[in-house]
Amino acid sequence: MACGQWEKSPVCIPHKKMLINYLKIGFRNLLKYKAFSLINIFGLAVAMSVCMLMILMYADQLSYDQFHKNKDRVYRLVTTPLNQNNFRATLPFPVADKLKSQYSIIEETAILRKGISGDAVLSKSNNYGQKYTALKGYFSGPSFFKVFSYSLALGDPETALSNPNSLIISHKKAFELFGNENPIGKTINYTDRLNENKPPVNWGIYTITGVFAENGQKSHVEFDAIFSAASLDILYKEKRNPTDSTAIIEESKIENLTNNWENDYQSFAYVLLKKNAHENDLNNALNQFSTQNFRKSTNQQVKESRLTFQRLSEINPGPVVNNSDVITLPLFVYYILGGLVLVILLASCLNYLSLSMARSFTRLGEIGLRKVIGARRKDLIFQFLSETVITVLLSLLLANLFLYFLKEAFLGLWINQYLKFDLNLNLYVYAAFFAFSLMISFISGIYPAMKLSKPNPISMLKKTQNSALGKWGFRRVLTVSQFAISLIFIITSIVVYDQFKHYMQFDYGFNPKNVVNINLQSNDFQLVKNSLKNSNGVKEISGCAYLPATGRNDGLELKKSGKQDSYKAIDLTIDQDFLKVMEIPLVQGRNITANMNGNSDLILVNEAAIKQFGFKNPNEIIGQSYLLNGANVQVAGVIKDFTFFLLFSGRSTGPIVLHTNPTGLKYATVKIEGNNANKIIKDLANKWKTIDPIHPLQYEIYEDTLANTNQGIFDLVSIIGFLAFLAITIACLGLLGMAIYATERRTKEIGIRKILGASELSLNFMLSKEFVIMLVLAILIAAPLAFILNNFWLNFMVVRQELSLNTIFWGSFVLFILGIVTIVPQTYRIAKRNPVESLKTE
């Protein structure tokens, strides 16, 4: 477009030579005002690197399930309670097949039935040696490959899941079992260990009919193997324990869910819509289906729920979904993190805006001269925007360097072992970075460009048009706001750290020191106890169904014989030596004593159970009889309360009932001597081989286990502390820039005052006073806010370190000192300056 046509065009784009000229002038101005340029570039780079990390995180999550050919037509069915918005990922098994048969809009359905978690073993007769690998996965049929687009490295997807006793395994598991050999047609012996309350079940021989390809694609469904759904009919017919002739009911190897509308926790269902179908059609079909089928269920949860759906591409990231098999970061967490990051970015952009406006006073002559010799307002806007673009692009380069270290730190967080972020860079991410930097350029530069290009050129040459530019109102508000936000971040990070430290030093009411928890892996507890109890360094051995304070819990109901009264409590199955190993004090009565089989009709209760069961004193409940699972039990003793739930769960420990049941024990709890723990564990591992030659010893140091449950809190400390560091860094950079501007603008005044006898101390105080007032004002605003906000979330914690005024004081003190350290060196430099040089400069 010709230059003469500019006024007629709503959008004017400068000529190529003019753009080059703008860039040259922009670089010269960056070099001329080095301090301001460095502050702006560094501040923007810091904020942009965090925003880029958020873009990477979100892009990583958006990459899930993108490889499916029909992803726009595939939906996961979920259930939701009537008039509520929370979701469950599982539903009754018959839903998928019945939907397909009743509604023509559905092209295909796929069901993934849970229930596979056990061992695949190759016997020595296969010439591979006795190899073993753990398998987790689902049952599904041939429709699995019609709905999803998982590719096979070996095998035919049309037939791989057609026959009974066949399975497809992952490339990793195939390599573990067969190395580089072709596994197609080879067999494994599979033993199911999913049901923790029952012995392992041998499902027999299965033939490998396919191997999944390693394509590096991410999916919300994770599995080691897919077993053919045709195998289910055989497992329904086969008895779990065919040698048990005393069994009254022949229990199947796996529960038959073919027509079961009550079990809503073992199946996932997906539908593929026909190309001409719409989401509204699916929604209407699901509502009608729910009314016809769910209202008849005897399961109250199913009866009071309805079917709905999630787009395959919106499962991850998405809303919180209960009963899902994988841990994901819910969408609302991204909103929270995104909001915090935007606060940091906005502070950085406002810093740029504020410093640009402050610097503009020194450029009023330049701007006026440009206007006098013919520069239009559009020319000046492009000039200022080009300078902003250069600054932002330089910040982008520096931000990429910062991003490298941020990525490594984030991937090293404890929680990432569950979230499994990769944060890989690709062309789309770089395009997003570039678009993001242009957006930042516009946000940061448009206001200064519009503001500085507007004034009258004559008044600018006279430097009289400085009333708006010289006012400190906006910059005062900005500085106070930045430091107020910084103080909230600082205090919150201190509070969260104190909470983490409190958890790490917390007295659980039992002693986890020198306790090693061994996963029984479905082996007989009594056999394990007898084999390990004489090992060197072993002091005591007991067992339990699950470990207190690690997140697992079950419930039970006690009933009074001949009465309708019932009492609910936490159920903990133990061995009679559990109190010794855990050093839990007995308040009243005696411990459980078991017979030769490890059973007992005695139970223990904790102190919280006394009032719950209607008694005032511990001695009153001793000897009381109850019905537990239809059997008579008697209270033998009362133990002291101990912490049962995760510390950050927000749940207080209620009544606990401890009782024996050898088949229900999942862990051997071993108390060892404190010295030379590694050698003791090595000896235990050697003895374990005589008990279970296939599975290696799986153990955890109890102290480490409890510490790991709190690592998520430490991650939170790291994130909030890092955001606090960024917020205070950006705020201090802005304060430094304003201090440089304010002090240099008063150079002549300082020279005159020194000649008239003003001391350096008084000058320093005069220059710093306004900034100190802003710091104090920020503290007065933010301290009460931080106290209220942190008390709010702490009130949701049952176990917590109370927020004290000392925390508020030290957080405020840190902020104040940082502010002073930022201001004083600059004011001291000006106050120290020779007055003759100051006046000569002016």
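Source: prediction; values computed, not measured.

Asker: What exactly am I supposed to notice about the overall build of the chain here?
Answerer: Check the secondary structure of the chain and you find 27 helices and 23 strands. Relative to its full complement of 842 residues, the chain shows a buried share of 49%. The long-range fraction of contacts in the chain, counting pairs at least 24 apart against all pairs at least 6 apart in sequence, stands at 79%. Carbon and sulfur atoms make up 57% of the accessible area of the chain, which amounts to about 40500 Å² in all.

Asker: Sorry, what's going on with unusual backbone geometry here?
Answerer: Leave glycine aside and you will find that most residues have negative phi; peptide bonds, for their part, are mostly trans. For the bond from Asn 316 to Pro 317, the omega torsion is -5°, close enough to zero to count as cis. By secondary structure assignment, the location of Pro 317 is in the loop between β11 (305-311) and β12 (321-322). A positive phi angle is found at Lys 420, which is not glycine, with a value near 60°. Take Lys 420: it is sitting in the loop between α12 (416-419) and α13 (427-452). Phi at Ser 522 takes a positive value of approximately 70°, unusual for a residue other than glycine. One can find Ser 522 in the loop between β13 (515-519) and α17 (525-532). Ser 522 sits in the partly exposed class, given a relative accessible area of 33%.

Asker: Please explain the nonpolar core as it appears in this structure.
Answerer: Grouped together as the largest cluster of nonpolar side chains are 75 residues, with contacts concentrated most on Met 48, Met 57, Ile 344, Phe 421, Phe 483 and Phe 771. Broken down by secondary-structure element, the contributors of at least two residues to this core are α2 (34-62), α9 (331-360), α11 (377-411), α13, α16 (473-504), α23 (711-745), α25 (760-794) and α26 (805-832). Among all residues touching Met 48, those that are not within four sequence positions of it are Val 392, Ser 395, Leu 396, Ala 399, Phe 436 and Ser 437. One finds Phe 139, Tyr 206, Val 302 and Leu 307 within the second-largest nonpolar core, a separate group that totals 48 residues.

Criteria and thresholds
Residues numbered from 1 in each chain as written. Predicted model: local features only at pLDDT ≥ 70, side-chain atom pairs only at ≥ 80, totals over all residues. Heavy atoms only, no water. Helix = DSSP H or I, 4+ residues; strand = E, 2+ residues; numbered from the N terminus. Buried < 20%, exposed > 50% of the residue type's maximum accessible area, 1.4 Å probe, protein only. Contact = heavy atoms within 4.5 Å. Areas by Shrake-Rupley, 256 points an atom, 1.4 Å probe, with all protein chains shown as cover. Core = buried A, V, L, I, M, F, W, Y, C linked by side-chain atoms within 4.5 Å.

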